[in-house]
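A closer look at the structure
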Amino acid sequence: MRIRSILVGSVAAALSFTAIAAGNTPGTIAGQATRSGDAVSFSGVAQLADVKASSAMPSFMITKFADAEVAKASGLDLTGASIKELADGSGLEFSWKVSSMPTTGVPEGVRYNWTFASGNQTYQLQVKRSNVGSATTAESPVDHAQAAANGGWWFQLRGACAANYLHPSNPVQGCYHLGFFNGSVDTATGTVKMVLPYGAKDGIGRTVADTFRRGTPITAAESAAMSITASGQAGVSNATTSQYLNGWGTYFPGTVVYAALGNASGPGSYSLVTTKGDGTYAGTLSGAGTHVWVKACTGNNVIDEPCTATAIPVG
């Protein structure tokens, strides 16, 4: 992140401060900060440019399946992936793109996975033509029976990922069933989409993805050494039966805010500020410092960190 020093001058003692922030994403951060003993309270609003469209993952990072023709014929030739926030701000849409899908139908042995971390939890999205042969069927037979009765593709959220998923002595990585959600598959264009609402709830209203929130960054995570995948499987998938993309960086849903104490020339260590993701922020920091540095981010940092920061003088 590029942070330019901000000269404060005569406004150093002011309680309220607004500035065009320095960084890669245009915008403004307004706020105020006051000290009481060792504690500094701060609040304000960050208004950033809408960069939601810049959510495409870099295709050059895709690890290819060994046999290109087999990958194309099987629907495994992953060519791209992207994330975007829904227009109403209620969740994210995850998209996979493959070069082609079988004209005779995609078998259950082909699946599209996306593993990521949000908060202190790991989640995995899985899209399949059907899922009746999955190990997760035994975890929630009623849920799977209802999904089978509905017909169509299966859009599954899995979590609590473990290195020994199937058995404590069986070193097969996997994730447990959390619920089925919505999505779409366009076999003609090879486009697979799954929508995950923030704070996702299962079919009977239980929150199953509490840490998946607007304002909380999501980062690449791996299951079976892969993050975004188009995989062929026989019970389990691995890197030799898949085309996959790892290390795609951080995606910032809504406006993600960090804060740090420092001085006019730069910040100390940033901490994530719990927010609603709408740009408004408030918090308290402890320690020495003449300024609260506020950093706000939105979109995807695959190529360059889409963040901007400014220093708010402490009154």
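Residues numbered from 1 in each chain as written. Predicted model: local features only at pLDDT ≥ 70, side-chain atom pairs only at ≥ 80, totals over all residues. Heavy atoms only, no water.

**Some thoughts on unusual backbone geometry**
Quick note on the threshold: In this text, helices come from DSSP runs of H or I with a minimum length of four residues, and strands from runs of E with a minimum of two, each type numbered from the N-terminal end.
Phi angles above zero are rare outside glycine, and Ala224 is one such case at about 55°. Mapped onto the elements of the fold, Ala224 is located in the loop between strand S14 (218–220) and strand S15 (228–232).

**A few points about the packing of aromatic side chains**
We apply this condition: Two rings belonging to Phe, Tyr or Trp (six-membered ring only in the last case) form a pair when the distance between their centres is within 6.5 Å. Interplanar angles under 30 degrees mark stacking, angles over 60 mark edge-to-face geometry, and anything in between is tilted. Throughout this description, buried means an accessible area under 20% of the type-specific maximum (1.4 Å probe, protein chains only), exposed means over 50%, and partly exposed covers the range between.
Taken as a whole and assessed by the stated rule, the structure comprises nine aromatic pairs. Their ring planes at 15° and their centres at 5.3 Å tell us that Phe94 and Phe116 sit as a pair that is stacked. Of this pair, Phe94 sits in strand S7 (residues 91–98) while Phe116 sits in strand S8 (residues 110–118), placing them 22 residues apart in sequence. Each member of the pair, Phe94 as well as Phe116, is classed as buried. A centroid spacing of 5.7 Å and a plane angle of 75° characterise the contact between Trp96 and Trp114, whose relative ring orientation is edge-to-face. Placement of Trp96 in strand S7 and of Trp114 in strand S8 is noted, with a sequence separation of 18 residues between them. We classify Trp114 as buried; its relative accessible area is 0%. An aromatic cluster is defined as three or more aromatic residues linked by ring pairs; in this entry it consists of Phe94, Trp96, Trp114, Phe116, Tyr123, Tyr198, Phe212 and Trp248.

**As for the sheet that holds strand S6 (residues 78–85)**
What counts is decided by this rule: The pairing criterion for strands is at least two bridges between them, as found by DSSP. As a rule, the C-alpha atoms of each element are fitted with a line to give its axis, helices using only the stretch in contact, and angles between N-to-C directions run from 0 to 180 degrees.
In spatial order, the strands read S6-S7-S13-S12; together these four strands make up an open sheet with antiparallel pairing. This sheet does not close on itself; its edge strands, each paired only once, are S6 and strand S12 (182–186). Shown here is a sheet whose adjacent strand axes are inclined to one another by a mean of 10°, direction ignored. As defined by bridge partners, S6 adjoins S7 across seven bridges and the pair is classed as antiparallel. Across the sheet, residue Glu85 finds its bridge partner in S7, namely Leu92.

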